[in-house]
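Summary of the model geometry
So you can see what is in the structure, the chains are spelled out below.
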Amino acid sequence: MNYLGIEYSVKNLPVLDPEFIPFGVWIDAYEKGATQPLTIAIERDKGKISVHHTKIHGTPEMAAADYRFVERYVKFLLWSIGGFRIYIVGNSDLAKHLQEAYSPEGERKFDVQFMQDVYEVPFEVIDCAMEDCPKQNDASVSIGGHMEGCRIGFDAGGSDRKVSAVIDGVTVYSEEVVWHPKTVEDPQYHFDGIVEAFKTAASKMPRVDGIGVSSAGVFIGNSPMVSSLFIKVPREKRDLVKSIYDRAALEIGDVPIVVANDGDVTALAGAMGMECNSVMGMAMGTSEAVGYVDGEGNVLGWLNELAFAPVDLLESAMADEWSTDIGVGCKYFSQDAVIKLAPRAGIELDESLTPAEKLKTVQNLVEMGDERARKVFESIGAYLAHTMRLYCRFYDVKHLMVLGRVMSGVGGNIVLDTCMKILADEYPELASNVRVMLPDEKTRRVGQSVAAASLPEARK
C-alpha cells in the first residue's frame, strides 16, 4: 500500500474499514527512508520540556509526506503530553507551515484554544536552530498507593458521583448519588455536591487523613483547567471552578487533597490490583479515556487525552465534531466507533435512539450471535492492535487494561481476542511484551474511588 509516496505493509485490516491507514505502521515505513535530522520539543507548565529526535526526508518530492508526518507527530505530542510551546528544530519551512496551522485562525485552532485554556498562556510554534534546541526537562510524579489511615475517595462522574470511606485500605462505606453537573451553570451546585459527598464519607470514620479525587478533565495541580463537568459554567466564574476541590476539602478541615485525571486513576487502580507497573488503562465509553502509570508506579504529569490524538491517516476518515479533526482516537475507541461501523455491517440503527442506546442495540445483536455485529467488534479489535504499535512508541506499556461500556459482554471479548490475534500475527514483539486484558476481579474490587483515596500522602 502507498500513502504520500510511502510504501507500507499491513495485514488484518479492520473488516469494516479496509481503507484504515494506521499512523504507527506508516511512521515505521516513513522513517526507513528519512535521513535529515529534525527535533521536536514541547514545553508545558513549570518549564517542563519533552524533546523528541526524529528524521524527515527533506526532498521536494517528499514535502507532502514530511509535512503530514511532522504535523501528525506534533498533534500526537500535544494531546499525549500537553503543551503551549512547540519548538521545531532544524527545518524553517516546516516550522512556518506549522505556525500557520497552529494559530488562532488556522486549521488547528481548536488545539490552540484548548491548550491556551489549560496553561493560560499564548500558544506558539517556534522555529529553532539546532544550536538553540531546548534541553529535556521532564520527570514523572509519584502519586497514589497510600492506603494507611482514614481516607476519602471521590469519583466525579458526569451522571453520578461516587464516594468511599476507606480505612487502612478497606472500604467501610460507599455510595453513588445521581447528579447533573454538565447541565448546571452555577458552580455552587457542583461545590455543594462535592462537599456533601466529602462530609458523608467523613461521617463514617473517626477522622480524615486525606482526600483523593478522580475526575474527568485536565488538571494543573488540583485545578480543573478544562473539564466536561463544568462545561456550562460561564468563563467569568472560572476561578470558582479552579479552586473548587481545594475549597471543598477545607470544609472537612486541614486535610491533604490530591486531584487526578480519571484515566490516570484507572491505570493506578489496575497497577494496584495487578501489583505491577507500566500500565495503560483505556476506557471505551462516550469517548476514549486513557491513563498511564510508568515503570516506577508514577504518573507522567501528561494530558493523556488520546481521544484527540491521531490514529488513522485516511483523509476521508470520520471527523470529530468537537475538535473538527479527522482520524482521531475518539472515533475508533468509543461508542461512536460502534455507531460508525454498524451501518457498514448492514445494521440499521434507529436515529431517534441515543448514542448509548445505539451501542446497546449492537451489543444485544452480538450477544445473540449476529455475525454483522461480530464484525463491528472485530473491526474495533483490529483498530486497537494496530494503534498499540503507535501508543507503544510513546509509552512503555507492559499491561494494557481495556474497559468501558463498549468492552462489556461478548463484544468486549471479541475486541480483546481480535486484538491479541493480530498482535501475535503482525507484531510478535508487542504480543510478547504487552499483556492486553480486561480488568480482573481484584482490580474491580480496588475500584476508581478506592484508588482515588490512595492519591494523597497522609501528613505525618
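See the structure above.
Computed from a predicted structure; not experimentally measured.

**Some remarks on the packing of helix α10 (residues 355-367) against helix α11 (residues 371-394)**
What describes two packed helices is the angle between their axes and the distance between those same axes. Taken N-terminus to C-terminus, the directions of α10 and α11 make an angle of 115 degrees; their axes are 7 Å apart at the nearest point. Taken together, α10 and α11 sit at an angle that is classed as roughly perpendicular. Remark: the crossing between α10 and α11 carries left-handed chirality. Along the contact surface, α10 presents Val362, Gln363, Leu365 and Val366, while α11 presents Arg372, Ala373, Arg374, Val376 and Phe377. Class assignment of the residues belonging to the contact of α10 with α11 gives a composition of six nonpolar, one polar and two charged.

**Considerations on the sheet that holds strand β10 (residues 210-215)**
Reading across from one edge, β9-β8-β7-β10-β13 is the order of the five strands in this open sheet, with mixed pairing throughout. On the outer flanks of this sheet lie β9 (170-178) and β13 (257-261), each paired with one strand and no other. For this sheet the average axis-to-axis angle between neighbouring strands, irrespective of direction, equals 15 degrees. Packing of helix α5 (residues 187-202) onto the sheet brings it into contact with β7 (150-156), β8 (160-167), β9, β10 and β13, and relative to β8 it is tilted by some 30 degrees. Of the strands in this sheet, β10 and β13 touch helix α8 (residues 262-274), which is tilted by about 95 degrees from β13.

**Comments concerning the pairing of strand β4 (residues 49-56)**
When you tally the buried positions in β4, you get six out of eight residues, the bulk of the element. Where strand β3 (residues 36-43) meets β4, eight bridges bridge the pair, whose relative direction is antiparallel. From the neighbouring strand, proline 37 faces β4, where its bridge partner is lysine 55. Here β3 folds back onto β4, and the loop between the two strands holds five residues, one of which, lysine 46, carries a positive phi near 60 degrees.

**A closer look at the packing of aromatic side chains**
Within the structure shown, the criterion is met by 25 aromatic pairs. With 6.2 Å between their ring centres and 25 degrees between their planes, tyrosine 102 and phenylalanine 123 make a pair best called stacked. You can see tyrosine 102 sitting in the loop between α3 (92-101) and α4 (109-119) and its partner phenylalanine 123 sitting in the loop between α4 and β6 (124-128), a full 21 residues away along the chain. Through a chain of ring-to-ring contacts, three or more aromatic side chains come together here, namely Tyr3, Trp26, Tyr30, Phe69, Tyr73, Phe76, Tyr391 and Phe394. Across from the ring centre of tyrosine 173, 4.8 Å away, lies the NZ or CZ of lysine 204, which sits over that ring. If you follow lysine 340 out to its NZ or CZ, it ends over the ring of tyrosine 332, 3.8 Å from the centre.

**What about the pairing of β7?**
Within β7, seven of the seven residues are buried, leaving the element largely enclosed by the surrounding structure. Connecting β7 to the antiparallel partner β8 that follows it, the hairpin turn spans three residues. Pairing of β7 with β10, which is carried by six bridges, proceeds in the parallel orientation. Bridge pairing links arginine 151 to glycine 210 in β10.

**A closer look at the side chain of aspartate 264**
Of note, aspartate 264 is situated in helix α8. No salt bridge forms around the buried aspartate 264; measuring N to O, its nearest opposite-charge neighbour arginine 44 is 9.9 Å away. From its side chain, aspartate 264 meets the backbone nitrogen of tyrosine 292 in a polar contact 3.1 Å long. With near-sequence residues (within four places) excluded, aspartate 264 lies in contact with Val290, Gly291, Tyr292, Val293, Val299, Trp302 and Asn304.

**Topic: the packing of helix α2 (residues 63-80) against α4**
Two elements in contact, α2 and α4, have axes whose closest approach is 12 Å; the angle formed by their N-to-C orientations is 30 degrees. The angle between α2 and α4 falls in the class roughly parallel. Like other packed secondary-structure pairs, α2 and α4 cross with a definite hand, here left-handed. On α4, the residues that touch Lys75, Leu78 and Trp79 of α2 are Phe110, Asp111, Phe114 and Met115.

The rules behind the values
- Residues numbered from 1 in each chain as written.
- Predicted model: local features only at pLDDT ≥ 70, side-chain atom pairs only at ≥ 80, totals over all residues.
- Heavy atoms only, no water.
- Axes fitted to C-alpha atoms, helices over the stretch in contact; angles between N-to-C directions.
- Helix = DSSP H or I, 4+ residues; strand = E, 2+ residues; numbered from the N terminus.
- Parallel < 35°, antiparallel > 145°, perpendicular 65-115°, else oblique.
- Left-handed = near helix turned anticlockwise from the far one by under 90°.
- Contact = heavy atoms within 4.5 Å.
- Nonpolar A, V, L, I, M, F, W, Y, C, P; charged D, E, K, R; others polar.
- Pairing = 2+ DSSP bridges.
- Buried < 20%, exposed > 50% of the residue type's maximum accessible area, 1.4 Å probe, protein only.
- Phe/Tyr/Trp six-rings, centres within 6.5 Å; stacked < 30°, edge-to-face > 60°.
- Lys NZ or Arg CZ within 6 Å of the ring centre and 35° of its normal.
- Lys, Arg positive; Asp, Glu negative; His and termini not counted.
- Salt bridge = Lys/Arg side-chain N within 4 Å of Asp/Glu carboxyl O.
- Polar contact = N/O pair within 3.5 Å; in protein donor to acceptor, adjacent residues only side chain to side chain.

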